[in-house]
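# Fold and geometry: a report
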Amino acid sequence: MSDYIAVIALAAFIGTIVVWNVLFKRNIGEAMFAGFIVSALFAGTDFPSALWIGLMDGLMNEVTYAALAFVVVGELLVRVGIVQRIVDVLSSMIGRFRGGSLYAATFGSALFGAVAHNGAATAATIGSITIPWIKRSNASGETAATVLGGNAGIGAVFPFSGAFFLLLAAPTVVGDLSSNDVILTAFVAAFWFLATRVIAAFVMIRARSVGAMDAADIQPLRRTVKAGWSSFTVLVAIAIPILATNGASGEAVTERIGTEAADTIPVLFWLPAAMLIPGLIVGRRLLPKSGRAWWEFLGGVSPKLGLVAATMIAAFSASEVISNLGLGEQLAPLLEQLGDVPAVLAVTIVGALIIVVAGPLSTTGTIAAVGGVGYAALTAVGVAPAAAYAAVLIWGASESASPPGAAPLYVAAGIAEVNPAKTFKPVIMYYLIPTFLLGVLMAVGIAWVP
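Everything quoted here is computed from the prediction, not taken from an experiment.

Within this structure, the stated rule accounts for 8 aromatic pairs. Taking 5.3 Å as the distance between ring centres and 70° as the angle between the ring planes, the aromatic pair formed by Trp20 and Phe24 counts as edge-to-face. Under the relative-accessibility criterion, Phe24 is labelled partly exposed at 47%. Each residue in the set Phe158, Phe187 and Phe191 is aromatic and connected to the rest through ring pairs, giving one cluster.

Turning to the side chain of Thr16, a few remarks are in order. Following the sequence through the fold, Thr16 ends up in helix H1 (residues 5–23). Accessibility expressed as a relative area gives 14% for Thr16, which makes it buried. Sequence-distant contacts of Thr16, defined by excluding residues within four places in its chain, comprise Ala34, Gly35 and Val38.

Most peptide bonds take the trans configuration, and most residues that are not glycine carry a negative phi. Positive phi outside glycine occurs at Lys25, with the angle close to 60°. Residue classification places Lys25 among the exposed positions, given a relative accessible area of 67%. One non-glycine residue, Ser209, lies in positive phi territory at about 55°. As for its placement among the helices and strands, Ser209 is situated in the loop between helix H10 (179–207) and helix H11 (221–228).

Moving on, we come to the pattern of salt bridges. On inspection of all chains with the given rule, the structure shows 4 salt bridges. Asp217 serves as the salt-bridge partner of Arg136, at 2.8 Å between the closest nitrogen and oxygen. With Arg136 in the loop between helix H7 (119–135) and helix H8 (141–151) and Asp217 in the loop between H10 and H11, this pair connects stretches of sequence that are 81 residues apart. Among the residues examined, Asp217 registers a relative accessible area of 11% and is labelled buried. A salt bridge links Arg208 to Glu142, with the nearest nitrogen and oxygen atoms 2.8 Å apart. Remark: Glu142 occurs in helix H8 and Arg208 occurs in the loop between H10 and H11; sequence separation between them is 66 residues. Owing to a relative accessible area of 21%, Glu142 belongs among the partly exposed residues under this scheme.

Put simply, helix H18 (residues 343–358) and helix H22 (residues 421–443) touch, their axes get as near as 10 Å, and they point 140° apart. The angle between H18 and H22 falls in the class oblique. Seen along the crossing, H18 lies across H22 with a hand that is right-handed. Where H18 approaches H22, its residues Val347, Thr348, Gly351, Ala352 and Ile355 are matched on the opposing element by Leu432, Phe436, Val440 and Ala443. Classifying every residue of the contact of H18 with H22 by side-chain character gives 7 nonpolar, 2 polar and no charged.

What counts and what doesn't
Residues numbered from 1 in each chain as written. Predicted model: local features only at pLDDT ≥ 70, side-chain atom pairs only at ≥ 80, totals over all residues. Heavy atoms only, no water. Phe/Tyr/Trp six-rings, centres within 6.5 Å; stacked < 30°, edge-to-face > 60°. Buried < 20%, exposed > 50% of the residue type's maximum accessible area, 1.4 Å probe, protein only. Helix = DSSP H or I, 4+ residues; strand = E, 2+ residues; numbered from the N terminus. Contact = heavy atoms within 4.5 Å. Salt bridge = Lys/Arg side-chain N within 4 Å of Asp/Glu carboxyl O. Axes fitted to C-alpha atoms, helices over the stretch in contact; angles between N-to-C directions. Parallel < 35°, antiparallel > 145°, perpendicular 65-115°, else oblique. Left-handed = near helix turned anticlockwise from the far one by under 90°. Nonpolar A, V, L, I, M, F, W, Y, C, P; charged D, E, K, R; others polar.

So, in structure tokens, the structure goes:
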């Protein structure tokens, strides 16, 4: 047993999360902390020291603070109506085309998800806008709920979601990849994910004879562009720090200012600022106007901040504990045995297992439980680290399209006033199966990610 104490600690960590989250119905932050404490118990008499060292690592990790910053920025951008104005522009541009409401819902979900990173919130917010459009486009309520539920998971793939950070914190990923290594990877993966959703909308439009949006739902393009063009500056601003730290443009910046200066502040600290500044300028009229109003806003955000802080600190703390127990050395001989399995078969099995786990768990719960193990299994059969990271994120994000436990699907069905069970079969066909296949294609190198 002592030869594989870290492996057993990892299994106990995963088991504790699943039991605490699924059976006891506690939130993922509490489940992660319970898992962290259980993992530290395997240090034996060094338990107090392991607990303290792990906790300090979690508290001081830069990713923890970046995750908190993105929660505040995301809430502010939603409050000031950035996404709403962009969705209005989209409806004006594509609403007159056949199935325009489905495309507006798809792109709107991606935009909102990229900011809010919450499947249920995406289904509720974008659904309240676009489900009535879809139903007035000669489409059934079942179709509307399927589209919104199937699209709700995309936010988990976009940086900088909880799942994005949690996977970075996995014991098997720490040391292999840094945030700078996978920011561009996750963006490309998210666009692949969005492409599968656009294809699903295209097929559904023709299979279900969805028409153009009702004329009453389409505002003149001139009006929506005038009101919403400035909202697109937030999307442009995101690209600036990414381009400044990646590829040829990143190398040019580094040569100009020097390597030491370029590495002084990580890109994770620049990105929330790059989103926040134009967002505050564009949405200044809808910002809180008084100290009391700001206090109320922060009070509304604080539960999310607490949950994210607990989740991130526990994730990195447990990672430190399990790594110090010797996980890398103990996993090596076990993972080497996977080399005898054909890579495609191994990838298929890993993807299927993650999607099965995603059924009862949330995306963050799935990544916390099996993301690191899935990543280790993929890299053991020769999958490139960045591709393995992207594939695991994609499979984990299947939560919103994986009935019967998909919370966003029930939210969308409630708005559309349909029986959720009627969406199970179509959401699996149009969204869950393509999600599984996309992860496989990424892992085997057909769907390229940097």
